[in-house]
Amino acid sequence: MTLLIALGTGDPNPWVTKFREFLPGMQIAKLGNDFDPDEIQYAMSWYHPVGSLSNLPNLRAIFSMGAGVDHLFRDPNLPDVPMARIVDSDLTNRMTEYVVMHTLNILRQSRRYRTQQLQGVWQDDDLQPVASDIRVGIMGMGVLGSDAARKLALLGFKVAGWSTSEKQIDGVKSYCGSSNLPPFLARTDILISLLPLTPETRGIINSKMLKGLARDGRVPAPSLINAGRGGLQIEDDILACLDDGIIHEAVLDVFQTEPLPPTSRLWSHPNVTVTPHNASVSNPLAIGRSIAEKIKTLESGGKLLNSVHRDRGY
Ligand code: NDP
Ligand code: OXD
């Protein structure tokens, strides 16, 4: 019985070490090394090379190394076996830290004061807004969006979420479905994207969406934080909206092409924060343990937890 580590990017060795610890009775194989395809029952993927999971006749399940699964669906030869994604407090807490930090940075104008400091400028406004003056809108109210929403609401922000189905979260207004997207945007000063990348959501963060954000807030213009997937955004539209003052700031962790090409104007735009797709990284200790638990559950005849819905693409 073997678990195959199938990474298209990143170092497999910390994962091999952790899985040896968490699954002592199981062989651990890596793509690129010799292994017997008949022995592989489980695979963990992160952008596995397309086609590399085909021809594993005894494969029982595929585990995404992260919460997102769009990297699995890009493989036209993806085996027809159950798939699971990561739901884990380590991953959730890391994402909430990122979202809360950047939302507070926007509220407290950190970018402006950093620039002023570099210029030796001592200047303040009459009265800065507080969290309760600011309307945050979170697109994608799943595991990550819901946690960020709860914590931002605790800080006093006026929080709303947009998702496919309605949510009941204390202090958070729920909007759902495409018909409720315009009113959700129209009440949003800081737009946070934690959507999965699917055929429905690809390119959703475009000029039309950004122009639909609130124009009556206590901010110079609305701002955007995207930590979902780069394929959700049209980067030329974001740059044009920044240049035209339609949005004030963009905090981007994910990009249409990763790594972000050196030629991208996002690198040098004064109102853009670029982070290298590390809003929430998969820690082999926590995530390895979570996948190992799922495998043990399957091995003892239990159900696959956090399974991916192929029809929905997330
Ligand atoms: P979930 O599957 O738990 O949540 C997805 C949410 O998006 C759900 O609320 C879902 O609605 C909503 N949604 C999906 N499609 C649509 C649509 N067409 N219209 C409106 N709402 C939609 O995922 P997670 O919260 O665990 O993760 C979200 C994403 O975050 C991942 O897919 C990944 O891309 C990204 N991510 C990024 C990381 C980073 O480091 N930058 C780290 C981890 C994840 P409903 O609830 O009704 O189904
Ligand atoms: C994830 C990611 O999907 O790190 O977990 O992007």
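As shown above, the structure is provided for reference.
Conventions adopted
- In this convention, every chain numbers its residues from 1, walking through the sequence in written order.
- For naming, the first written chain is A and the first written ligand is 1, with later ones following in the order written.
- Only residues with pLDDT of at least 70 get local features here, since the model is predicted, and only at 80 or more are side-chain atom pairs given and counted; chain-wide, interface and lining totals rely on the full set of residues.
- The side-chain figures draw on all heavy atoms in the structure; neither hydrogens nor water molecules are used.
- Helix and strand definitions here come from DSSP, where helices need a minimum of 4 consecutive H or I residues and strands a minimum of 2 consecutive E residues; each element is numbered from the N-terminal end.
- Atoms counted for the radius of gyration: C-alpha only. Globule rule: 2.2 Å times the number of residues to the power 0.38.
- The buried label applies to any residue whose accessible area, calculated with a 1.4 Å probe on protein chains only, is under 20% of its type's maximum; exposed applies above 50%, and partly exposed to all values in between.
- Should any heavy atoms of two residues lie within 4.5 Å, those residues are considered in contact.
- All accessibility values rest on the Shrake-Rupley procedure with a 1.4 Å probe; residue burial counts only the protein chains present in the view.
- All tallies of charge rest on Lys and Arg as positive and Asp and Glu as negative; His and the ends of each chain are not included.
- Just so you know, the charge point we use is NZ for Lys, CZ for Arg, CG for Asp and CD for Glu.
- Any residue with a heavy atom positioned within 4 Å of a molecule or strand is treated as near that molecule or strand.
- We call two N or O atoms a polar contact when they sit within 3.5 Å, provided that within protein one can donate a hydrogen and the other can accept it, with sequence-adjacent residues counted only if both atoms are side-chain atoms.
- For this classification, the nonpolar set comprises Ala, Val, Leu, Ile, Met, Phe, Trp, Tyr, Cys and Pro, the charged set comprises Asp, Glu, Lys and Arg, and every other residue, Gly included, is treated as polar.
- Throughout, an axis means a line fitted to C-alpha atoms (over the contacting stretch in the case of helices), and angles, computed between N-to-C directions, take values from 0 to 180 degrees.
- In this scheme, roughly parallel covers angles under 35 degrees and roughly antiparallel covers those over 145, while 65 to 115 is roughly perpendicular and the rest are oblique.
- Crossings are assigned a handedness: left-handed for a near helix turned anticlockwise from the far helix by less than a right angle, right-handed for a clockwise turn.
- Definition used in this section: a nonpolar core is a set of buried Ala, Val, Leu, Ile, Met, Phe, Trp, Tyr and Cys residues joined via side-chain atoms within 4.5 Å.
- Per the annotation, domain bounds derive from an automatic or database assignment of domains.
- Any two strands with at least two DSSP bridges between them are considered paired.
- For the handedness criterion, the strands are oriented away from the viewer, and a crossover whose path from the first strand over the helix to the second runs clockwise is classed as right-handed.

Enquirer: I keep staring at the overall build of the protein chain and nothing clicks. Help me out?
Expert: When helices and strands are tallied, the protein chain shows nine helices and twelve strands. The globule rule puts the C-alpha radius of gyration for 314 residues at 20 Å, and the 21 Å found for the protein chain is close to it. Counting only C-alpha atoms and orienting by the principal axes, one finds that the protein chain spans roughly 70 × 40 × 30 Å. In the protein chain, buried positions account for 51% of the 314 residues. Intrachain contacts of the protein chain at a sequence separation of at least 6 include 64% that bridge at least 24 residues. Roughly 15,000 Å² of accessible area belongs to the protein chain as shown, and the carbon and sulfur atoms make up 51% of that amount. When the 31 positive and 33 negative side-chain charges of the protein chain are each reduced to one mean point, those points stand 4 Å apart.

Enquirer: Would you explain the site of ligand 2 in this entry?
Expert: In the region of ligand 2, the neighbouring residues are Trp 46, Gly 66, Ala 67, Gly 68, Arg 229, His 277 and Ser 280. At 2.8 Å, a side-chain N or O of Arg 229 approaches an oxygen atom of ligand 2. Within the side chain of His 277, an N or O atom sits 2.6 Å from an oxygen atom of ligand 2. Across the complex, the protein chains shield 87% of the 210 Å² of accessible surface that ligand 2 would expose by itself. Split into classes, the residues belonging to the shell around ligand 2 amount to two nonpolar, four polar and one charged.

Enquirer: Looking at this structure, I do not really get the packing of helix H1 (residues 13-22) against helix H9 (residues 284-299). What am I missing?
Expert: Helix-helix packing is characterised by the crossing angle of the two axes and by the distance between the axes. For the pair H1 and H9, interaxial distance at closest approach is 9 Å and the crossing angle is 45°. With respect to H9, the element H1 is oriented oblique. Crossing geometry of H1 relative to H9 is assigned as right-handed. Contacts from Pro 14, Trp 15, Lys 18, Phe 19 and Phe 22 in H1 reach Pro 284, Leu 285, Ile 287, Gly 288, Arg 289, Ile 291, Ala 292 and Lys 296 in H9. Grouping the constituent residues of the contact of H1 with H9 by class yields nine nonpolar, one polar and three charged.

Enquirer: Could you clarify how one ought to interpret the nonpolar core in this entry?
Expert: Across soluble globular proteins, you tend to see nonpolar side chains buried next to one another. Counting residues in hydrophobic clusters, the biggest one holds 29 residues, and the most contacted among them are Phe 184, Ile 205 and Ile 238. Contributing elements (two or more residues each) for this core: strand E7 (158-163), helix H6 (181-186), helix H7 (207-211), helix H8 (235-243) and strand E11 (250-252). With four residues, H8 is the largest single contributor of residues to this core. Here Ile 205 is in contact with Met 139, Ser 193, Leu 210, Leu 224, Asn 226, Leu 232, Gln 233, Ile 234 and Ile 238, once residues within four sequence places are set aside. One finds Leu 3, Ala 67, Ile 287 and Ile 295 within the second-largest nonpolar core, a separate group that totals 27 residues.

Enquirer: Just checking my understanding: could you explain the site of ligand 1 for this structure?
Expert: The environment of ligand 1 is made up of 28 residues, and the closest members are Arg 85, Ser 165, Lys 167, Asp 253 and Tyr 314. At 2.9 Å, a backbone N or O of Val 143 approaches an oxygen atom of ligand 1. One nitrogen or oxygen atom from the main chain of Ser 280 is found 3.0 Å from an oxygen atom belonging to ligand 1. Protein chains shield 91% of the accessible area of ligand 1, which is 940 Å² for the free molecule. For the shell around ligand 1, the secondary-structure elements that each account for two or more residues are helix H5 (143-154) and E7. The residue makeup of the shell around ligand 1, split by class, is 13 nonpolar, ten polar and five charged. Taken together, domain 1 (2-86 + 282-299) and domain 2 (89-274) each give at least three residues to the shell around ligand 1, which thus spans both.

Enquirer: It is not clear to me how the pairing of strand E6 (residues 135-139) should be interpreted in this structure. Could you clarify?
Expert: Side-chain direction in a regular strand flips from residue to residue, so the side chains alternate between the two faces of the sheet. Summarising burial for E6: five of the five residues are buried, a large majority. Burial of the side chains of E6 extends over both faces: Arg 135, Gly 137 and Met 139 are buried on one face and Val 136 and Ile 138 on the other. By the bridge criterion, five bridges tie E6 to E7 in an arrangement that is parallel. What sits directly across from Val 136, in E7, is Val 159. Regarding the hand of the β-α-β motif, the stretch spanning E6, H5 and E7 is right-handed. Relative to strand E9 (residues 190-193), E6 runs parallel, the two sharing four bridges. The residue bridging Val 136 from the neighbouring strand is Ile 190, located in E9.

Enquirer: Explain the pairing of E9 to me, please; I cannot follow it from the model alone.
Expert: In E9, alternate side chains face the same way, and those of Ile 190 and Ile 192 on one face and Leu 191 and Ser 193 on the other are all buried. Direction of pairing for E9 relative to strand E10 (residues 223-226): parallel, over a ladder of four bridges. Note that in E10 the partner of Ile 190 across the bridge is Ser 223.

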